[in-house]
Amino acid sequence: MRTPSSSATPAEPAASATSAAPAAQTGSAGLSSEARNLHWLLTNLVEEVPGLLSVAVVSSDGLLLLSSDPGRNAERPAAKPSGPKGSSADLATIVSGLGSLTIGAAKLMDGGAVKQTVVAMEEGSLFVMAISDGSLLGVHATPDCDMSVVAYHMALFVGRAGHVLTPELRSELRQSMESAR
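Residues numbered from 1 in each chain as written. Predicted model: local features only at pLDDT ≥ 70, side-chain atom pairs only at ≥ 80, totals over all residues. Heavy atoms only, no water.

Visitor: Please set out the confidence of the model for the chain residue by residue, giving values where relevant.
Guide: Mean pLDDT for the chain: 78, with 72% of residues reaching 70 or above. Here residues 1-27 is modelled with pLDDT under 50, and outside its nearest four sequence neighbours on either side it reaches 51 contacts, counting other chains as well. Note that residues 70-84 has pLDDT below 50 and, in this model, 32 contacts with residues that lie over four places away or in other chains. (pLDDT = per-residue confidence, 0-100. Contact = heavy atoms within 4.5 Å.)

Written out as structure tokens, the structure reads:
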């Protein structure tokens, strides 16, 4: 198992490597190189971090932009559901609602910007981290996941994805998710 102190930072994908990388629930054909890179980063997050069940990137207005394919994760217990009702849309709804709730709480408490929210449950954990401009990264993980490893890899994703998640790219990702339905 990789720990935050021993994790090597993977190199950014080359354009040719991203086109061959498996995409997260939507096909990567016809997407810009930035969109393919975000798909690659999400796939990399799911494949490298043990215990992840599902991952969603949600826009500031609550729309699903990217999601993982939980069936790929070999760590997932076969008898348990893959995520909230098994749906990336359900995870996106939960992440968006929890993000709004914590932002409101931080305003009421004069706590500044919310960086991360963790909900530890008997049967799993939910992590929500701000990406940029109100977009959120949400992760549903197994109860025995290493929370520090999950948070570390989420922070890496946020650091890499935040600067490329432009309004144009968010629009492209939304259209790609809608066409995949």
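Visitor: Go over the pairing of strand β2 (residues 64-67) with me, naming the residues and quoting the values.
Guide: Where strand β1 (residues 52-58) lies against β2, three bridges are found, and the strand directions are antiparallel. Directly across from valine 57, in β2, lies its bridge partner leucine 66. Connecting the antiparallel pair β1 and β2 is a turn made up of five residues, with glycine 62 showing a positive phi of about 85°. (Pairing = 2+ DSSP bridges. Helix = DSSP H or I, 4+ residues; strand = E, 2+ residues; numbered from the N terminus.)

Visitor: Kindly report on the environment of threonine 93, identifying the contributing residues and their values.
Guide: Among the secondary structure elements, threonine 93 is positioned in helix α3 (residues 88-108). Considered as a pair, threonine 93 and valine 58 are 35 residues apart in the sequence and their alpha carbons are 8.5 Å apart.

Visitor: Can you explain the pattern of salt bridges? Please cite residues and give values.
Guide: When the charged atoms of two side chains lie near each other, side chains of opposite charge can form a pair. One pass over the structure, following the stated rule, counts one salt bridge. The closest approach of N and O atoms between arginine 174 and aspartate 61, which form a salt bridge, is 3.0 Å. Here aspartate 61 lies in the loop between β1 and β2 and arginine 174 lies in helix α5 (residues 167-180), a separation of 113 residues in the sequence. The exposure class assigned to arginine 174 is partly exposed, which follows from its relative accessible area of 23%. For aspartate 61, a relative accessible area of 49% translates into the label partly exposed. (Salt bridge = Lys/Arg side-chain N within 4 Å of Asp/Glu carboxyl O. Buried < 20%, exposed > 50% of the residue type's maximum accessible area, 1.4 Å probe, protein only.)

Visitor: Kindly report on unusual backbone geometry, identifying the contributing residues and their values.
Guide: Of note in the backbone geometry, aspartate 110 takes a positive phi value of approximately 50° without being a glycine. Checked against the element boundaries, aspartate 110 lands in the loop between α3 and β3 (116-121). Given the relative accessible area of 72%, aspartate 110 is considered exposed.

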